[in-house]
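Secondary and tertiary structure notes
Residues per chain are reported as follows:
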Amino acid sequence: MSTVSCVADGRLITIEGLDGAGKSTLARALAGEIQARGHAVELLREPGGVEVSERIRELVQDPSLRVSARTEALLYAAARAQLVDERVAPALAEAAVVVLDRFVDSSLAYQGAGRALGIEQVRAINEFATAGLTPDRTLLLRISLAGGRARQRERALAQDRLEAEDEGFFEEIAAAYEEIARAEPERVRVIDATGSPAEVLHASLAAVEDLL
């Protein structure tokens, strides 16, 4: 459980997974269901959520820019630090349930493994960025690389700088996510993302029921 939520009785629920897994769809639905149960809810995304972080989002996603691996990791950590300071920590202090589309695990998987910077090295800079804040529960949406790619094609959106990487990059990310789930089974709950949005929501609600 996070340091902030232990003190204030707020709850931080994060959603992770490969691109195309349905994180944003689940985040909106889950926040709505939790709010319907009478809880104060803050729905946020990464990178973004506040002005500084949204500007950083534009930088890290711009396919026309050359961004080194270390710079990329530091930019994500900076965006995260600002979001925690401006929105996440205050919401937890007010006993809200924060539903966050991506958090530190994304950097561990994408930059630590995908960019081969090292999981522990990336963990260290994010420990500093978040002042040690960790989720009370993380929902890892499991989908195959091919399945995620297919969903992205269905959306017919232009790929950002990271989405345009090759399959090897995403295979490393998928493996890292699985290792994180194995290492922290109490925090990370794996959800089958191949079902319908309603099925994914049902499974996710069951996975966070004890927090609510």
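Above this text you will find the structure in question.
What you are looking at is a predicted structure, and each value in this text was computed from that prediction instead of being measured.

The rules we used
- Residues numbered from 1 in each chain as written.
- Predicted model: local features only at pLDDT ≥ 70, side-chain atom pairs only at ≥ 80, totals over all residues.
- Heavy atoms only, no water.
- Helix = DSSP H or I, 4+ residues; strand = E, 2+ residues; numbered from the N terminus.
- Polar contact = N/O pair within 3.5 Å; in protein donor to acceptor, adjacent residues only side chain to side chain.
- Contact = heavy atoms within 4.5 Å.
- Buried < 20%, exposed > 50% of the residue type's maximum accessible area, 1.4 Å probe, protein only.
- Salt bridge = Lys/Arg side-chain N within 4 Å of Asp/Glu carboxyl O.
- Pairing = 2+ DSSP bridges.

1. Section: the side chain of Thr14
Tracing the chain through its elements places Thr14 in strand β1 (residues 11–17). A polar contact is formed between the side chain of Thr14 and the side chain of Thr138, at a distance of 2.7 Å. Contact partners of Thr14, with chain neighbours within four places excluded, come to Leu100, Phe103, Pro135, Arg137, Thr138 and Leu139.

2. Points about the side chain of Arg80
The topology assignment puts Arg80 in helix α4 (residues 69–93). By relative accessible area, Arg80 is classed as buried at 1%. When near neighbours in sequence (up to four residues on either side) are disregarded, Arg80 contacts Glu46, Phe103, Val104, Ser107, Asn126 and Thr130.

3. Quick notes on the pattern of salt bridges
Summed over all chains, the structure comprises 15 salt bridges. Residue Glu42 is joined to Arg87 by a salt bridge in which the shortest nitrogen-to-oxygen separation is 2.4 Å. With Glu42 in strand β2 (residues 41–45) and Arg87 in helix α4, this pair connects stretches of sequence that are 45 residues apart. Across the pair Glu179 and Arg182 runs a salt bridge whose closest N-O atoms are separated by 2.8 Å. One end of the pair, Glu179, and the other, Arg182, are both in helix α8 (residues 167–183), three residues apart, so they sit about a helical turn from each other. Glu179 gets classed as partly exposed once you look at its relative accessible area, which sits at 42%. Residue Arg182 is classed as exposed on the basis of its relative accessible area, which comes to 56%.

4. Quick notes on the pairing of strand β4 (residues 137–142)
Most of β4 is tucked away: five of the six residues are buried. Sheet topology places β1 next to β4; five bridges connect them, and they run parallel. Residue pairing across strands places Thr14 opposite Thr138, the latter belonging to β4. Pairing between β4 and strand β5 (residues 188–192): five bridges, direction parallel. Its bridge partner being in β5, Leu140 is matched across the sheet by Val190.

5. A word on unusual backbone geometry
A cis geometry characterises the amide bond from Glu46 onward to Pro47, with omega recorded as -20°. Considering the arrangement of structural elements, one finds Pro47 in the loop between β2 and α3 (51–61). Here the phi dihedral of Arg102 falls at roughly 85°; this positive angle occurs in a residue that is not glycine. Within the secondary structure layout, Arg102 lies in the loop between β3 (97–101) and α5 (104–114). Look at Arg102 and you get buried, because its relative accessible area is 12%. Despite not being glycine, Ala131 has its phi angle at roughly 55°, a positive value. As for its placement among the helices and strands, Ala131 is situated in the loop between α6 (119–130) and β4. Taking the relative accessible area as the measure of exposure, Ala131 reaches 68% and is therefore exposed.

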